[in-house]
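# Fold and contact review
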Amino acid sequence: MELNNFSYYWLDTWVLANVIQLATQDFCVRNLNRTNDPCGRQFDQMTQAARSVPANIAEGNSRHSTSKETEMKLTDVARASLSELANDYINWLMQREQIPWTVKSPEHQKVAFTALDRPAYSDDVLHSSCVHILTQKHKFDEWLSSKDSIKEANCLLVLCNRLIMMLGKQIGKQLENFRREGGFTEALTAERLAFRAEQSVLAGAPNCPKCGKIMVKRTASRGINSGKEFWSCSGYPKCNGTRKME
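Residues numbered from 1 in each chain as written. Predicted model: local features only at pLDDT ≥ 70, side-chain atom pairs only at ≥ 80, totals over all residues. Heavy atoms only, no water.

## Here we look at the layout of surface pockets
The criterion, for reference: Using a grid of 1 Å spacing that covers the protein atoms alone, one calls a set of points a cavity when a 1.4 Å probe fits there but cannot get out, and a pocket when the set is open and has protein on both sides within 12 Å along at least five of seven lines; lining residues are those with an atom within 4 Å of a point. Grid points are joined across faces, edges and corners, and a volume is the space filled by probe spheres set on the points. A run of H or I in DSSP becomes a helix once it reaches four residues, and a run of E becomes a strand once it reaches two; helices and strands are each numbered from the N terminus. Note that Gly is not counted as nonpolar here; it falls among the polar residues with everything else outside the nonpolar set of Ala, Val, Leu, Ile, Met, Phe, Trp, Tyr, Cys and Pro and the charged set of Asp, Glu, Lys and Arg.
Roughly 240 Å³ of volume is contained in the largest pocket. If you go around the largest pocket, the residues you meet are L11, D12, T13, N61, E71, R118, M166, K169, Q170, K173 and Q174. Taken together, the elements giving at least two residues each to the lining of the largest pocket come down to α1 (12–31) and α7 (149–181). Here the element with the most residues in the lining of the largest pocket is α7; it accounts for five residues. For the lining of the largest pocket, the class distribution of residues is two nonpolar, four polar and five charged.

Next up, the structure:
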């Protein structure tokens, strides 16, 4: 396995997303039936929303090196799917005249602050990551394996909200990286300008009359000189120095 392509295995958000997906599948199998979900639509919606979360985290992280913008968008899609799933658990509780745990309740506090272990994978990453996910899921067996849908829904609601906050922080870090490093388009532009500057040096290009940087050939795209070549500062748009082409 090429580890660089699977760096999301080490993300706590991806691990917790898998815990929520597995627990949601268990919840739907145990609690949805032909009486309360005759067409199976709620089963499909909840399991698909739960599946969308780790899938989009994984796909977004895999696009990190090529498109930070896409990475942020897919992470945000994961967060939106999670919000949809959380609303399903809220609805489940309220249909039964139950109110979600308050944030100060012992149950909420315990679920919200049960720490996840840091991944310590062996060379067999796929195998050990699955062991790790199941181990983290078992930390919440007190509620998820209780066969009490109210406890299950409350626990999963807390986990959904916990992960929503974690993904918000992850998107914030991605945005900061984008501001500092730029994205794929910016990287291509920088590479193209560097190549053009290198070629200009070899071609004996003049220096910019304003800032002294090497100039590059450009072609006017509009105006009376449209289609004609001219020298433009390689530092454009910070510097707009130009020279006529001899």
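Moving on from the model shown.
## Some remarks on unusual backbone geometry
Unlike most non-glycine residues, E97 shows phi in positive territory, near 60°. Here the phi dihedral of K147 falls at roughly 60°; this positive angle occurs in a residue that is not glycine. One can find K147 in the loop between α6 (141–144) and α7.

## Structural notes on the confidence of the model for the chain
The criterion, for reference: The predictor rates its confidence in each residue with pLDDT, a number between 0 and 100.
On average, the chain scores 87 in pLDDT, and the residues at 70 or more come to 87%. Of all helices and strands in the chain, the one with the weakest mean pLDDT is helix α8 (residues 184–202) (58), whereas α1 scores best (97).

## Section: the sheet that holds strand β2 (residues 229–233)
Operational definition: Note on pairing: DSSP must find at least two bridges between two strands before they are called paired. Axis geometry follows a simple rule: fit a line to the C-alpha atoms, using only the stretch in contact for helices, then measure angles between N-to-C directions, giving values from 0 to 180 degrees.
Strands sit in the order β1-β2-β3 across an open sheet of three strands; the sheet is antiparallel. In this open sheet, the two edge strands, each paired with only one partner strand, are β1 (215–219) and β3 (242–244). Between one strand and the next, the sheet's axes are offset by a mean angle of 35°, whatever the strand orientation. Inspection of the sheet shows β1 paired to β2 by five bridges, in the antiparallel sense. Bridged to K217 within β2 is W231.

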